[in-house]
Amino acid sequence: MRIGLFGGSFDPFHNGHKSIIEGALRSGNLDRIVVIPVARNSFKRGKILSAAPYRYYQTLHAIEDFEDKVSISDIEFHMPGISYTANTIRELLRNGYDDDELFWICGSDILDSFDKWREPEELLKMVTLMVAHRPGDDSAENAKEFASKVKLFEEKFATKVVTFEIDGIEVASSAIRADKDFDDVPKAVREFIATHDLYSKDPSPLEKVSDEAINLFYELSIVLMDYLGEKRLLHTINVALYACKIAANNGISCDKALIAGVLHDCAKELPDNIQKAYAMLADGEDSKLLSHDKLWHAPAGSHMAKELFEIDDEEILDAIKYHTTGRGNMTPLEKVIYLADKIEPARKFDNLEPIRKASMTDIDLAMKLCLDEVSKKFEKTHKRMHDYTYDCYRDLV
């Protein structure tokens, strides 16, 4: 089978990416295409890229209209270290693609920068480059320049390049992020961006986070794909970033808020028996957090964060442990995580906007407003609040 591989950061996935896929399919050179979102980009490090699951899942939804002709691969999320294309291809060859003819789909800019890639000659032994050409207004001159570049590339690397034409769409992910204009992204991506409040006009809360914490956050967001499904994982990343925002506005450690936030639900989708076992290890058999199976994931997550992810900061571990119920005498960080869990952008509970607004200036007022809503919910369902939640509510009221 002739398979085209299309890799990229997709931050965001836009109509230019879609045009490349459409052109590659239209060329007749391929049986199908596999889109490979970069997990850890070798050229774009630090605070430049959005968390990898955001980019993966928006791309997944963007290509759904192509049905069985186009699929997505999370292979780079299961590989250690920086996402170098040559290593990704080797991994694909080890995982069922060794009998296929592989093509690496890319834009024409690769013709000028390919020698900067890691192991370019080895890469060309495994794949054939399939380069997109976008005709310009001066199509004859444009075509001649493009053909010349292709010929020079083929001579330099002693290889054959396959070319194909795409619709002329002038768009770049960096410009979309800068301008906050999402007209040039597919509808599914626009909806995804709106739901999760990506590429906000507000200053990024990550600007106040240390490089060490941001790198850990990005790494954890990738590793957690093995433990959480789409909805829960995106929620945890939303909580982490919103917690960071609350912390930044209230003089609380952004580093701790970010890490506690991304790990607060890390045990949520473990089997019940493992959740309970971990919860008991975190807090002993008599803990009130063991009183209901819906509470187990919080202390279980605290244990998991410590033992599996090597988090040894007790303040972070306690913020994870009490994020569902709260407790009396909560620390500022515990309040941040409790609030962020309830009011992150994708949450659709009633009366969230006043709580969100208060959380930026007065965290105790935000907690009171939030617990008022929690109390109403329990009253409406004729259920009793957890003792720890009641203790927290009493402190504030």
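Below is a short write-up of the structure. For every chain, the first residue of the written sequence is number 1, and numbering continues from 1 along that sequence. Reporting of local features is limited, given that this is a predicted model, to residues whose pLDDT is at least 70; pairs of side-chain atoms are given and counted only at 80 or more, and all residues count toward the totals for whole chains, interfaces and linings. Working from all heavy atoms in the structure, the side-chain values ignore hydrogens and water.

**Description of the overall build of the protein**
Line of reasoning, step 1. Helix and strand definitions follow DSSP, with helices as H or I runs of at least four residues and strands as E runs of at least two, each counted in order from the N terminus. When helices and strands are tallied, the protein shows 18 helices and six strands.
Line of reasoning, step 2. Projecting the C-alpha coordinates of the protein onto the three principal axes gives extents of approximately 75 × 40 × 35 Å.
Line of reasoning, step 3. Taking all 397 residues of the protein together, 50% fall into the buried category.
Line of reasoning, step 4. Contacts were defined at the residue level, with two residues in contact if any of their heavy atoms lie within 4.5 Å. Contacts in the protein between residues far apart in sequence, at least 24 positions, make up 71% of those at least 6 positions apart.
Line of reasoning, step 5. Surface accessibility of the protein: about 19,000 Å² in total, with carbon and sulfur atoms responsible for 47%. Under the scheme applied here, a residue whose accessible area is under 20% of the maximum for its type counts as buried, over 50% as exposed, and between as partly exposed, the area being computed with a 1.4 Å probe on protein chains only. Here the open area of atoms and residues is found with the Shrake-Rupley method and a 1.4 Å probe, where only the protein chains shown may cover a residue.

**A short note on the environment of Cys-266**
Line of reasoning, step 1. Inspection of the secondary structure assignment puts Cys-266 in the loop between α11 (254–263) and α12 (272–283).
Line of reasoning, step 2. A relative accessible area of 1% means that Cys-266 is categorised as buried.
Line of reasoning, step 3. Along the primary structure Cys-266 and Leu-233 are separated by 33 residues, whereas in three dimensions their C-alpha atoms are 8.5 Å apart.
Line of reasoning, step 4. Here Cys-266 is in contact with Leu-224, Tyr-227, Leu-228, Gly-301, Met-304, Ala-305 and Phe-309, once residues within four sequence places are set aside.

**With respect to the nonpolar core**
Line of reasoning, step 1. Among the buried residues, those of types Ala, Val, Leu, Ile, Met, Phe, Trp, Tyr and Cys that are joined through side-chain atoms within 4.5 Å form a nonpolar core. By size, the foremost hydrophobic cluster in this structure holds 101 residues, and its most contacted members are Ile-21, Ile-33, Ile-105, Phe-217, Ile-246, Leu-263 and Leu-339.
Line of reasoning, step 2. Leaving out residues up to four positions away in the same chain, Phe-217 has contacts with Ala-51, Ile-237, Ala-240, Leu-241, Leu-258, Ile-259 and Val-262.
Line of reasoning, step 3. Core analysis: the next-biggest nonpolar cluster, separate from the first, contains 28 residues, Ala-86, Ile-89, Phe-114 and Leu-124 among them.

**Points about the packing of helix α13 (residues 297–307) against helix α14 (residues 314–321)**
Line of reasoning, step 1. The contact between α13 and α14 brings their axes to 7 Å, and the two run at 150°. Viewed along their axes, α13 and α14 adopt a mutual orientation that is roughly antiparallel. Residues Ala-298, Pro-299, Gly-301, Ser-302, Ala-305 and Lys-306 of α13 pack against Glu-314, Leu-317, Ile-320 and Lys-321 of α14.
Line of reasoning, step 2. Residues that form the contact of α13 with α14 fall into these classes: five nonpolar, two polar and three charged. Orientation is described by axes fitted as lines to C-alpha atoms, over the contacting stretch for helices, and by angles from 0 to 180 degrees between their N-to-C directions. Under this scheme an angle from 65 to 115 degrees is roughly perpendicular, one under 35 degrees roughly parallel, and one over 145 degrees roughly antiparallel; angles in between are oblique. Only Asp, Glu, Lys and Arg are considered charged, only Ala, Val, Leu, Ile, Met, Phe, Trp, Tyr, Cys and Pro nonpolar, and every remaining residue, Gly among them, polar.

**Some details on the environment of Ala-194**
Line of reasoning, step 1. Mapped onto the fold, Ala-194 is located in helix α8 (residues 187–196).
Line of reasoning, step 2. What makes Ala-194 exposed here is its relative accessible area of 59%.
Line of reasoning, step 3. A sequence separation of 152 residues divides Ala-194 from Ala-346, and the C-alpha atoms of the two residues are 8.8 Å apart.

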